[in-house]
Amino acid sequence: MNYQDTINWMFQQLPMYQNKGKTAFRKDLTNTLKFSEHLGRPHTKFKSIHVAGTNGKGSTSHMLASILQEAGYKVGLYTSPHLKDFRERIRINGKVVSKQFVIGFIKRNKSFFEANNLSFFEMTVGMAFDYFAKQKVDIAVVEVGLGGRLDSTNIITPELSVITNIGFDHVQFLGDTLEKIAAEKAGIIKDNIPVVIGETQPETQPVFKEKAKLTNSDIYFADQLVENVLESDLKGAYQKHNIKSVIQSVKVLRKSGYQISDKALKKGLLKVIQNTGLQGRWQILGERPKIICDTAHNKEGLSFVLQQLQLETYGKLHIVFGVVKDKDIDSILSLFPKNASYYFCKPNVPRGLDTDVLQSVFNENGLKGKAYKSVEEAMTMAIAEANTEDLIYVGGSTFVVAEII
């Protein structure tokens, strides 16, 4: 199989959360551990930082990787999902894993995958850990895929755990209260390993403190400890929360013996995109009309993005918007402005919500717009209808953004 054949096989053969949703969710780590044993336990052969949270875990992971690169370390970075190419999920010093490694890894382990019915995510985590071990990274930043306690990444014992914040997302897996969701995320807190919590929330603070007490872990609430926010090339206003998490994480890493100068910290925050290839976070795609995309896809994330849109200067606002089926649309409707023009679209994944459904719910709530067959068609129409002084915002789902970047 060539690279495209290999990727197609991975996507088609195995339950994949981003396409299928709930049916791809596994209830324990048995498969992941079994696969790691089969690979020679690569998860024990490199140092790591484990990052969880409802929002901001991707940006936080990329910021940490960038800073560690500036400090001179060889840094692995595992994130999900990807926007354009599967290989974005696995990087070392910003460079994506080679096509040959992906092809070879699947070829070598295909019979194991089939015999054990591994999920897409279990397979991909194994691939990342194998790659980091073989390439002898100094440290890897590992982003949780979903939740924490039962996530395939949760077989590592990191140098530091980071939990950015807790919001309502994936409630069908993680629980329907902030406390329950926090308990799942707290599953990445390990014995005697320090943990940084990004945002103090009254519902979740006791959950994290209790878990840290049980594991004898030093716990740091970044928003209480960090006052000065440094500048970053990630320009979303919401990044200030992530930057605080990252600054506190660097302080903890220094205590553990990592040599990270103030210069590396500042430079790393300013060169996240250049160093790691991160895309889709308050990304400006064009001017006159200004086009901004953002991968925010739940209530907390979207509320930040929509607040920031109100700070922009423009003639009229055009919103190209699509979501996946398991989103709680009712919880986000109140965030959207009624004086914008909406272009409803369906991201090109099986989980994409039908545009007619999306349009009718929005229209019933006074948010008027038309439905389009594809993201591309919606985007083309928005650009055609916008004046040079207008603003076009594209979002609602990572998969909508992936199609226009």
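For the structure itself, consult the block above.
Residues numbered from 1 in each chain as written. Predicted model: local features only at pLDDT ≥ 70, side-chain atom pairs only at ≥ 80, totals over all residues. Heavy atoms only, no water.

Caption draft 1: Geometry of the overall build of the chain. When you go through the chain residue by residue, the secondary structure sums to 17 helices and 14 strands. A compact globule built from 405 residues would reach a C-alpha radius of gyration of about 22 Å, and the chain, at 21 Å, matches this within 12%. When burial is assessed residue by residue, the chain has 60% of its 405 residues classed as buried. Considering only contacts in the chain between residues 6 or more positions apart, those separated by 24 or more positions represent 75%. When the 51 positive and 43 negative side-chain charges of the chain are each reduced to one mean point, those points stand 5 Å apart. (Helix = DSSP H or I, 4+ residues; strand = E, 2+ residues; numbered from the N terminus. Rg over C-alpha atoms; globule rule 2.2 N^0.38 Å. Buried < 20%, exposed > 50% of the residue type's maximum accessible area, 1.4 Å probe, protein only. Contact = heavy atoms within 4.5 Å. Lys, Arg positive; Asp, Glu negative; His and termini not counted. Charge placed at Lys NZ, Arg CZ, Asp CG, Glu CD.)

Caption draft 2: Helix α11 (residues 239–255), seen in detail. The end-to-end C-alpha distance of α11 is 25 Å, a good match for the 24 Å that 17 residues give at a rise of 1.5 Å each. With respect to burial, α11 is a largely interior element, 12 of its 17 residues being buried. If you check which residues of α11 are buried, you get Q239, N242, I243, K244, S245, V246, I247, Q248, S249, V250, V252 and L253. Once α11 ends, the next one or two residues include G257, with phi positive near 105°. (Expected span 1.5 Å × (residues − 1).)

Caption draft 3: Expanded view of empty space enclosed by the protein. Counted according to the given criterion, the structure contains 1 cavity of 30 Å³ or more. In this structure, the largest cavity spans a volume of roughly 40 Å³. Lining the largest cavity are T32, F35, S36, L39, P42, E122, V125, G126, F129 and I155. When residues of the lining of the largest cavity are assigned to their parent elements, the largest contribution, 4 residues, is made by helix α6 (residues 120–134). (1 Å grid on protein atoms, 1.4 Å probe; cavity = no way out; pocket = protein on both sides within 12 Å on 5 of 7 lines; lining within 4 Å. Points joined across faces, edges and corners; volume = space filled by probe spheres on them.)

Caption draft 4: Main features of the packing of aromatic side chains. This model, assessed by the stated rule, comprises 23 aromatic pairs. A centroid spacing of 6.1 Å and a plane angle of 20° characterise the contact between F101 and F105, whose relative ring orientation is stacked. You can see F101 and its partner F105 sitting in helix α5 (residues 99–116), 4 residues apart, about one turn around the helix. When its relative accessible area of 0% is taken as the criterion, F105 is described as buried. Plain terms: the ring middles of F321 and F362 are 5.5 Å apart, the flat faces sit at 50° to each other, and that makes the pair tilted. Taken as a pair, F321 in strand β11 (residues 317–321) and F362 in helix α15 (residues 355–364) lie far apart in primary sequence, 41 residues in all. The same class applies to F321 as to F362, namely buried. By the ring-pair criterion, three or more aromatic residues cluster together here, those being W9, F35, F46, F101, F105, F112, F113, F129, Y131 and F132. (Phe/Tyr/Trp six-rings, centres within 6.5 Å; stacked < 30°, edge-to-face > 60°.)

Caption draft 5: Representation of the sheet that holds strand β8 (residues 219–221). Taken together, the 8 strands give an open sheet; going across it, the order is β4-β3-β2-β5-β1-β6-β7-β8, and neighbouring strands pair in mixed fashion. Each end of this open sheet is capped by a strand with a single partner; those strands are β4 (95–96) and β8. Where strand β1 (residues 48–52) and strand β6 (residues 160–163) come together, 4 bridges link them in parallel fashion. From the neighbouring strand, V51 faces β6, where its bridge partner is V162. (Pairing = 2+ DSSP bridges.)

Caption draft 6: Expanded view of the packing of helix α3 (residues 30–38) against α6. Contact pair α3 / α6: the axes reach a minimum separation of 10 Å and the direction vectors enclose 35°. Pair α3 / α6 crosses with right-handed handedness. Facing N31, T32 and F35 of α3, the residues of α6 in contact are E122, M123 and G126. Along the lines of polarity and charge, the residues of the contact of α3 with α6 split into 2 nonpolar, 3 polar and 1 charged. (Axes fitted to C-alpha atoms, helices over the stretch in contact; angles between N-to-C directions. Left-handed = near helix turned anticlockwise from the far one by under 90°. Nonpolar A, V, L, I, M, F, W, Y, C, P; charged D, E, K, R; others polar.)

Caption draft 7: Main features of the sheet that holds strand β13 (residues 369–371). Within the open sheet, the 6 strands sit side by side as β9-β10-β14-β11-β12-β13. Their pairing is mixed. Because the sheet does not close on itself, it has two edges, and the strands there are β9 (283–286) and β13. Averaged over all pairs of adjacent strands, the angle between their axes in this sheet comes to 20°, without regard to strand direction. In this sheet, strand β12 (residues 341–344) lies alongside β11 in parallel orientation, the contact comprising 4 bridges. Following the sheet pairing, F321 is matched in β12 by F344. Its contacts with the sheet put helix α14 (residues 299–311) on β11 and β14 (391–395), and the angle it makes with β14 is roughly 175°.

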